[in-house]
Amino acid sequence: MIILKLGGSILTEKDSLKPKINLDNLNRIAIEIGDFLKDHDLKDEGLIIVHGAGSFGHPYAKKYRIGEPFPDSEYPKKRIGFSITHNSVNGFSGVISEYFIENDIPAISIPPSSIIKSSNKRISYFNLDLIKDYVFQGFLPVLYGDVVLDDTLKMTVISGDQILSYLAKNLIFEKVILATDVDGVFNKNPKLYDDAKLIKVLNSLEDLDSFDSTTNVDVTGGMFGKIQELIELADLGVESMIINAQTPSLIINALKGIEVKGTLIKSKLESFSG
Ligand code: IPE
């Protein structure tokens, strides 16, 4: 089984104040996945897509401060904020599935707010049986960063990365692919330092010389949050790779298992044993 995470920065204009889809990327990615599935049966292979929210989620989650503690007097405003945020990311996911369906992919968009609950921002309940049933029947489940009910904070935001990491820990995957808007993980911020180098294999956060976690922060943690989740996963024996989804053919090649430019995140123990 393969999980492919499509970052919000790939599928949307992430810095746009209004929700805006990057249709060029979405169209090309849907074609690449459709092409891959022409000679790979979803029923045998198993593929799950998790996508980010980008400008369909972050601006609303920030505006309504979803995930921050609040007094009961603010409940009505928070509830509306929750509904607005969910409705926006849900509609976005519907459009993504539409593009997949046009490419003959039996995509089914599943709202995480309907099958996930959390406790202090961490997933505490996840209806995995439903996901497994869709996969066994040859569907392509499409999950996404969403708002969910939280038994400590009443409501919170769950990132696509946390969903991906939960799935990878609780189901068996051969491959976890993160498609982002950068070539992979660099030792320094490549936008600020000319001598930033792409790290081909990452074992721990210590491999990053000067990771400036403040340059890429959104409501769910930005790149730093992603790497933390992936290292945790690597320590449990699940390898993952970060690739640039803006480079044509990288997604289809990564799905096919062809070596592509990017960062492989694997545990220290495995790299010692070769
Ligand atoms: C955030 O999801 C979800 C909401 C803000 C509702 P992600 O954290 O997975 O989204 P991206 O990939 O950063 O855009």
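Because the structure is predicted, anything quoted here is derived from the model rather than measured. (Residues numbered from 1 in each chain as written. Predicted model: local features only at pLDDT ≥ 70, side-chain atom pairs only at ≥ 80, totals over all residues. Heavy atoms only, no water.)

Draft legend 1. Examining helix H8 (residues 160-170) more closely. The element H8 is largely enclosed, with a buried count of eight among its 11 residues. Along H8, the residues classified as buried are Gly-160, Asp-161, Gln-162, Ile-163, Leu-164, Ser-165, Leu-167 and Ala-168. (Buried < 20%, exposed > 50% of the residue type's maximum accessible area, 1.4 Å probe, protein only. Helix = DSSP H or I, 4+ residues; strand = E, 2+ residues; numbered from the N terminus.)

Draft legend 2. View of the packing of aromatic side chains. In this structure the tally under the stated criterion is four aromatic pairs. Where Phe-56 meets Phe-92, the ring centres are 4.3 Å apart and the plane angle is 5°; that geometry is what we call stacked. Taken as a pair, Phe-56 in the loop between strand S2 (47-51) and helix H4 (58-63) and Phe-92 in helix H5 (residues 75-102) lie far apart in primary sequence, 36 residues in all. A single burial state applies to Phe-56 and to Phe-92, both of which are buried. Ring geometry for Tyr-134 and Phe-139: centres 5.4 Å apart, planes at 90°, overall edge-to-face. Judged by its relative accessible area of 24%, Tyr-134 falls in the partly exposed class. (Phe/Tyr/Trp six-rings, centres within 6.5 Å; stacked < 30°, edge-to-face > 60°.)

Draft legend 3. Expanded view of the pairing of strand S1 (residues 2-6). Burial analysis of S1 places five of its five residues in the buried class, the great majority of the element. The two faces of S1 match: Ile-2, Leu-4 and Leu-6 on one face and Ile-3 and Lys-5 on the other face are all buried.

Draft legend 4. How the structure looks around the environment of Ser-119. Tracing the chain through its elements places Ser-119 in strand S4 (residues 116-119). With residues up to four places along the chain from it excluded, the contact list for Ser-119 reads Ser-124, Asp-150, Asp-151 and Thr-152. (Contact = heavy atoms within 4.5 Å.)

Draft legend 5. Here's a closer look at the nonpolar core. Residues Leu-4, Leu-6, Ile-33, Phe-100, Leu-140, Ile-243 and Ile-251 are the most contacted members of the largest nonpolar core, which totals 38 residues. With six residues, helix H2 (residues 23-38) is the largest single contributor of residues to this core. Ignoring any residue separated from it by four or fewer positions in sequence, one finds Leu-140 in contact with Leu-42, Leu-47, Ile-49, Phe-100, Ile-105, Pro-106, Ala-107 and Ile-108. (Core = buried A, V, L, I, M, F, W, Y, C linked by side-chain atoms within 4.5 Å.)

Draft legend 6. Just unusual backbone geometry, in detail. Even without a glycine there, the phi angle at Asp-104 is positive, about 65°. Structurally, Asp-104 can be placed in the loop between H5 and strand S3 (107-109). Of note, Lys-121 is a non-glycine position whose phi angle comes to about 75°, a positive value. Relative to the assigned elements, Lys-121 resides in the loop between S4 and strand S5 (122-126). Residue class for Lys-121 comes out partly exposed when judged on its relative accessible area of 39%.

Draft legend 7. Expanded view of the sheet that holds S4. Strand order in the open sheet made by the four strands is S5-S4-S7-S8, with mixed pairing throughout. Looking at which strands have only one partner, the edges of the open sheet turn out to be S5 and strand S8 (154-158). The sheet shows a mean angle of 45° between the axes of neighbouring strands, taken without regard to direction. Where S4 lies against S5, four bridges are found, and the strand directions are antiparallel. Across the sheet, residue Lys-117 finds its bridge partner in S5, namely Tyr-125. The strands touched by H5 are strand S7 (146-150) and S8; relative to S7, the strand with the most contacts, the crossing angle is about 140°. (Pairing = 2+ DSSP bridges. Axes fitted to C-alpha atoms, helices over the stretch in contact; angles between N-to-C directions.)

Draft legend 8. Representation of the side chain of Thr-156 within the structure. Looking at where Thr-156 falls in the secondary structure, it is placed in strand S8. Ignoring any residue separated from it by four or fewer positions in sequence, one finds Thr-156 in contact with Ile-66, Gly-67, Ser-118, Lys-121, Asp-146, Val-147, Val-148 and Asp-150.

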